[in-house]
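Structural overview for review
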Amino acid sequence: SIYYYIKLKKIERKKQLTDKTKKNILMIVTRSDEERWIFYYLSLNIYRSLTSQFNVDLIIREKFKPKLLEKIDLSKYDIIYTDQENGEIQKILELKKMPFFGSGSFGSDLAFNKIKAKKVADENSIKTPDWQMPGNNQTTAEINFPIISKQICGGSSIGIQIINNEKELKKYLKKQKNKRENFFEEFLNGDIYTIFLFENQDIKMPALKKYISQPSNYKKKYFNQKYKITYKNFLPAEKLIFTESEKLFKLFHLRDLARFDWVVYKNQPYFLEVNTMPGTWPGDFFEKSAQIIGLNYQTMIVSLFTKAIEKNNNK
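In short, a report on the structure. (Residues numbered from 1 in each chain as written. Predicted model: local features only at pLDDT ≥ 70, side-chain atom pairs only at ≥ 80, totals over all residues. Heavy atoms only, no water.)

**Details of the nonpolar core**
Ranked by internal contacts, the top residues of the largest apolar core, which has 36 residues, are Met27, Ile46, Leu50, Phe198, Phe286 and Phe305. For this core, the secondary structure elements donating two or more residues are strand 1 (24-30), helix 2 (36-50), strand 2 (55-61), strand 3 (79-82), strand 8 (191-198), helix 10 (285-292) and helix 11 (297-313). A total of eight residues in this core trace back to one element, the largest contributor, which is helix 11. Those residues in contact with Met27 that sit more than four places away from it in its chain are Ser43, Ile46, Tyr47, Leu50, Val56, Asp57, Leu58, Ile59 and Tyr81. (Core = buried A, V, L, I, M, F, W, Y, C linked by side-chain atoms within 4.5 Å. Buried < 20%, exposed > 50% of the residue type's maximum accessible area, 1.4 Å probe, protein only. Helix = DSSP H or I, 4+ residues; strand = E, 2+ residues; numbered from the N terminus. Contact = heavy atoms within 4.5 Å.)

**As for the packing of helix 5 (residues 105-112) against helix 6 (residues 114-123)**
Close contact between helix 5 and helix 6 brings their axes to 5 Å; oriented N to C, the two are set at 95°. What the angle tells us is that helix 5 and helix 6 run roughly perpendicular. Within the contact between the two elements, helix 5 uses Asp109, Leu110, Ala111 and Phe112 and helix 6 uses Lys114, Lys116, Ala117 and Val120. Broken down by class, the residue content of the contact of helix 5 with helix 6 amounts to five nonpolar, no polar and three charged. (Axes fitted to C-alpha atoms, helices over the stretch in contact; angles between N-to-C directions. Parallel < 35°, antiparallel > 145°, perpendicular 65-115°, else oblique. Nonpolar A, V, L, I, M, F, W, Y, C, P; charged D, E, K, R; others polar.)

**Quick word on the sheet that holds strand 9 (residues 208-211)**
Remark on secondary structure: sheet strands pair via backbone hydrogen bonds, oriented parallel or antiparallel. Read from one edge to the other, the open sheet built from five strands follows the order 10-9-8-11-12, with strand pairing classed as antiparallel. For this open sheet the edge positions go to strand 10 (227-230) and strand 12 (268-275), each flanked by a neighbour on one side alone. Geometrically, the sheet is characterised by an average inter-axis angle of 25° between neighbouring strands, direction not taken into account. Sheet analysis places strand 8 next to strand 9, joined by two bridges and oriented antiparallel. Directly across from Tyr193, in strand 9, lies its bridge partner Lys210. (Pairing = 2+ DSSP bridges.)

**Focus on unusual backbone geometry**
Cis geometry marks the peptide bond from Phe145 to Pro146, where omega comes out at 0°. Within the secondary structure, Pro146 sits in the loop between strand 4 (131-132) and strand 5 (147-151). Phi is positive for Lys97, which is not a glycine, with a value near 55°. By relative accessible area, Lys97 is classed as exposed at 74%. Phi is positive for Ser125, which is not a glycine, with a value near 60°.

**Focus on the packing of helix 10 against helix 11**
It is at 9 Å that the axes of helix 10 and helix 11 come closest, and there the two elements cross at 90°. What the angle tells us is that helix 10 and helix 11 run roughly perpendicular. Taken together, the residues of helix 11 that come into contact with helix 10 (itself represented by Phe286, Glu287 and Ala290) are Tyr297, Met300, Ile301 and Leu304. Here the contact of helix 10 with helix 11 is composed, by residue class, of six nonpolar, no polar and one charged.

Listed below in structure tokens is the structure:
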């Protein structure tokens with residue numbers, strides 16, 4: 001994370017709005033959590049792609065403070081990108097009536113909080129694994145073992161732990177007391193899928209990423225994970241992932257792009273979570289899916305931002 005942070009800080013010092021024939025983009029990168037290196041890397045790759053077609057200013061801070069936006073003349077930018085997922089910056093930009101890339105504050109907050117997201121799915125007859133919040137002095141689970149502990153707000157498989165029985169649960173609860181807020185979910189040992197969806201209907205990635213084994217923690221997800229891409233001859237359960245993801249995209253009022261994660265257990269898809277600021281770096285599923293429809297990584301990123309700018313100009 002230090003390497004990518006230093007690279008971004010060097011870029012930040014440059015004055016980028018030099019070509020008056022190009023649209024202007026502001027990138028705000030403010031991460032201090034355990035996922036920061038991922039977003040530093042992601043932001044660096046997005047920046048490199050955008051500078052081929054746009055003027056791009058970059059601001060990087062280890063922690064976001066609302067006063068930061070008061071010091072910037074936001075009116076000179078055609079669109080603003082932020083790596084924040086919880087809707088905080090999006091809400092401020094909405095109040096200032098400034099265009100930004102990605103989902104609004106409502107959709108971002110709803111997607112970032114896995115409990116809120118699961119409730120929306122439940123209310124709309126979209127299956128999710130059974131779940132519960134750990135209670136005070138809890139010594140037993142109300143859902144069947146094995147269960148999996150997950151952060152309510154967070155990603156990258158950070159904080160994930162599989163709990164197989166009551167003994168392990170008691171040990172876990174004792175260890176986790178007064179730490180990050182987690183919830184329990186029934187562990188369905190099926191196939192994990194992920195899918196990218198886009199608001200712009202001109203861009204369709206007819207592909208699913210299927211993990212060879214379930215990502216069980218942060219390191220395994222990013223360093224030791226194997227997967228395959230399916231883009232034709234879909235099984236019935238795989239087709240259902242497409243239709244149910246499109247339904248959730250609308251229910252969450254998402255914009256521009258999102259990634260949905262599912263587990264298929266006994267031929268039935270179960271919704272796990274949605275990510276409004278998903279990893280879109282070279283070499284992974286995003287780029288390989290783009291190649292299926294004849295686009296490379298840079299072209300895909302530029303296309304997404306171009307469409308977002310056009311959409312905001314037409315409001």
